[in-house]
Amino acid sequence: MYDTHQLLRFHEFLRESFPHVFNCSYIETEVINTYSLLFTVTGSTPELQPYLLMGHMDVVPADPTQWTHDPWAGLILPDTVTGEDYIWGRGAIDNKIGVMGIIMALNYLAKTDFQPTRSFYVAFGHDEEVRGADGAGHISQVLQERGVTLDFLLDEGTPVISGLMPGFTVPTALISVTEKGYMTLQLQVEGEGGHSSMPPQDPAVSRLVAALNNLALNPQPSLFGKGPEGDTFTYLATKASWPYKLFYSNLWLFTPLLEMVMSRSRESNALLRTTTSITIVRAGVKENVVPSSASAIINHRVHPAQSVEDVIQHDLAAINDPTVKLTVKQQMAAYPVSPYGPDVPGWRLLTSAIHHHFPGAVVAPAVMMANTDSLHYLNLTSCIYRHYPIHLTKKDIPGIHGSDERLSVTNLRQATRIYHRVMVWAGDAAGPPQHHQE
Ligand SMILES: [Zn+2]
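Residues numbered from 1 in each chain as written. Predicted model: local features only at pLDDT ≥ 70, side-chain atom pairs only at ≥ 80, totals over all residues.

Q: Looking at this structure, I do not really get the sheet that holds strand S9 (residues 181-190). What am I missing?
A: Sheets are built from strands paired through backbone hydrogen bonds, the pairs being either parallel or antiparallel. Taken in spatial order, the four strands of this open sheet run S11-S13-S9-S14, and their pairing is antiparallel. Of all the strands in the sheet, just strand S11 (275-283) and strand S14 (325-332) have a single pairing partner and so form its edges. For this sheet, the mean angle separating the axes of adjacent strands, direction not counted, is 20°. Across seven bridges, S9 lies against S14 in antiparallel orientation. When the bridges of S14 are listed, Thr184 appears paired with Gln330. Contacting S9, S11 and strand S13 (293-302), helix H5 (residues 204-217) runs over the sheet at an angle of about 15° to S13. (Pairing = 2+ DSSP bridges. Helix = DSSP H or I, 4+ residues; strand = E, 2+ residues; numbered from the N terminus. Axes fitted to C-alpha atoms, helices over the stretch in contact; angles between N-to-C directions. Contact = placed C-beta atoms within 7 Å.)

Q: How should the sheet that holds strand S4 (residues 76-78) be read in this particular structure?
A: With antiparallel pairing, three strands are arranged side by side in an open sheet as S4-S5-S17. On the outer flanks of this sheet lie S4 and strand S17 (406-408), each paired with one strand and no other. Across the sheet, the mean angle from the axis of one strand to that of its neighbour is 35°, orientation sign disregarded. Where strand S5 (residues 85-88) lies against S17, three bridges are found, and the strand directions are antiparallel. Across the sheet, Ile87 pairs through a bridge with Leu407, a residue of S17.

Q: Quick question: what am I supposed to make of the pairing of S13 here?
A: As a general feature of sheets, a regular strand has side chains that alternate between the two faces. Where S9 meets S13, ten bridges bridge the pair, whose relative direction is antiparallel. Within S13, the position partnered with Val189 by the bridge is Ala294. Bridging between S11 and S13 involves eight bridges; their strand directions are antiparallel. In the sheet register, Ile280 faces S13, and the bridge partner there is Ile297.

Q: I keep staring at the packing of helix H11 (residues 345-357) against helix H12 (residues 409-425) and nothing clicks. Help me out?
A: Axes are the key here: two packed helices are described by the angle between their axes and the distance separating the axes. The contact between H11 and H12 brings their axes to 9 Å, and the two run at 135°. As summarised for this structure, H11 and H12 are arranged oblique, according to the angle between their axes. For the pair H11 and H12, the sense of crossing is right-handed. Contact residues: H11 offers Leu349, Leu350, Ser352, Ala353, Ile354, His356 and His357, while H12 offers Gln414, Arg417, Ile418, Arg421, Val422 and Trp425. Taken together, the residues of the contact of H11 with H12 sort by class into seven nonpolar, four polar and two charged. (Parallel < 35°, antiparallel > 145°, perpendicular 65-115°, else oblique. Left-handed = near helix turned anticlockwise from the far one by under 90°. Nonpolar A, V, L, I, M, F, W, Y, C, P; charged D, E, K, R; others polar.)

The structure is reproduced here in structure tokens:
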């Protein structure tokens, strides 16, 4: 399920590369469930509520034949156009940027012997890509047994990105405050089988095809503005160019128009609504036999403003055929929306740290389309923020879980600075400096 040998080698690498972390009087290191790591950094004022920085050490597989350079060689190469140095490799972004950025910041803290005011935890899980039960699940258990509650946590998530939407000339720093839910349904249809020379009137396959077609023709409703995605626009509106500024700051008027435009691209459509993907279709074993049963698997990603029951009711109404049996295989509602805005201390700290190092960027709340390890920490805090403190362009995104994943060295430095900034500012009783942006 995961490469335990490589995980242990990675532990070794961290110990050798960051001796200050492992030999620091106020940092305790623990191995959790053999492969995960938990660091407890004790601040000088332990009464302050701690927070958590997290990342995961595992990666998804890579097919070297699809890559320009060996995904496992750890190469640092100049970009052929800009000459800028890039770290190439599987996991360069997802999620070594979190793990390396955090531990480099921590190492710097220990090396300069700067004991922060506020205590915090650093958690590196080892199986996020396979749902995190062994890693983050166990770490969370340990923290809960110790009675720990967190002010906030920062996990991997959405980056600082350029060219996100029309009308935005400045980079957008997206902090995801929720994740879409996840639901898998099975459709099963039974019918008359028999020889293909004498087909039945109403075969199972035809009814399944009609059901799937009805789902495609009747997408789940747009819920634009009912979840945090509306605020993404409200926050960004101040920095949008004309005429987009007008649209984004008057959503009450322009929602129908925006919905129409956004429905046309698969990325922005996924922001609007619960998405429906038909991922598996099965029927038939032989060319001259009519199959007596047919089945399909539907994968939904549930919008934060919709319940899983509503999604099912919509599907049943769209299919409109009682002979199609619908079974729920797996379901998880969208995560609770974490509080955000200038009055929320954790949010204010993160946005200040981001502004400090990306002064031109505008920060906005967002909805994460994928799921992360933060699932396991829902009991520990209501303030869960998902963000990569790195500046990407849209063309960097397919590298994540795809081929040619790479990250500029500048970005790694920038991420390290932001994590370090959080560690230093988090203890300041007065909070980080206020910004005028929101
Ligand atoms: Zn990840």
